[in-house]
Amino acid sequence: MILHLGQPAPDATLLDPQGQPVDLSSLWAQGPTLLTFLRHFG
C-alpha cells in the first residue's frame, strides 16, 4: 500500500509498550497521532 503526503493512514491494531493491543482509530479520537517505526540494523 502506498500512502501519499496528507493521506490518512489505514486503521490498524498495534501493541503498546506493555504488549496490549491498541487500535490506531482510538488514538486518532484523542487527537493527531504520530506513528514511528524503529528499524534495527545488525
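Report on the accompanying structure. (Residues numbered from 1 in each chain as written. Predicted model: local features only at pLDDT ≥ 70, side-chain atom pairs only at ≥ 80, totals over all residues. Heavy atoms only, no water.)

**Some words on the overall build of the protein**
Where we set the bar: Strands are runs of DSSP state E lasting at least 2 residues, helices are runs of H or I lasting at least 4, and numbering of each runs from the N terminus. Buried residues are those whose accessible area, probed at 1.4 Å on protein chains only, stays under 20% of the maximum for their type, while exposed residues exceed 50% and partly exposed ones sit between those limits.
Scanning the protein for helices and strands turns up 1 helix and 2 strands. Traced from its N-terminal end to its C-terminal end, the protein shows the element sequence β-β-α. Seen through its principal axes, the protein has C-alpha atoms that stretch 30 × 25 × 15 Å. Here the protein, with 42 residues, has 2% of them falling under the buried criterion.

**With respect to a nonpolar patch on the surface**
Under the convention used in this document: Surface patches are drawn from residues lacking salt bridges whose relative accessible area is over 30%; two like charges belong together within 9 Å, two nonpolar side chains (Val, Leu, Ile, Met, Phe, Trp, Tyr) within 5 Å. What sets the accessible areas is the Shrake-Rupley method with a 1.4 Å probe; for residues, cover comes only from the shown protein chains. Whenever Lys or Arg places a side-chain nitrogen within 4 Å of a carboxyl oxygen from Asp or Glu, that contact is recorded as a salt bridge.
A surface patch of nonpolar side chains, amounting to about 300 Å² of accessible area, comprises Leu14, Leu35 and Phe37. With respect to the helices and strands, Leu35 occurs in the segment after helix H1 (24-28). A residue is classified by how much of its surface remains accessible, and Leu35, at 40% relative accessible area, is partly exposed.

**Observations concerning the environment of Gln7**
Position of Gln7 among the secondary structure elements: in the segment before strand E1 (13-15). Between the alpha carbons of Gln7 and Ser26 there is a distance of 18 Å; along the sequence they are 19 residues apart.

**Digging into the environment of Pro17**
Following the sequence through the fold, Pro17 ends up in the loop between E1 and strand E2 (21-23). Placed 10 residues apart in sequence, Pro17 and Leu27 show a C-alpha to C-alpha distance of 15 Å.

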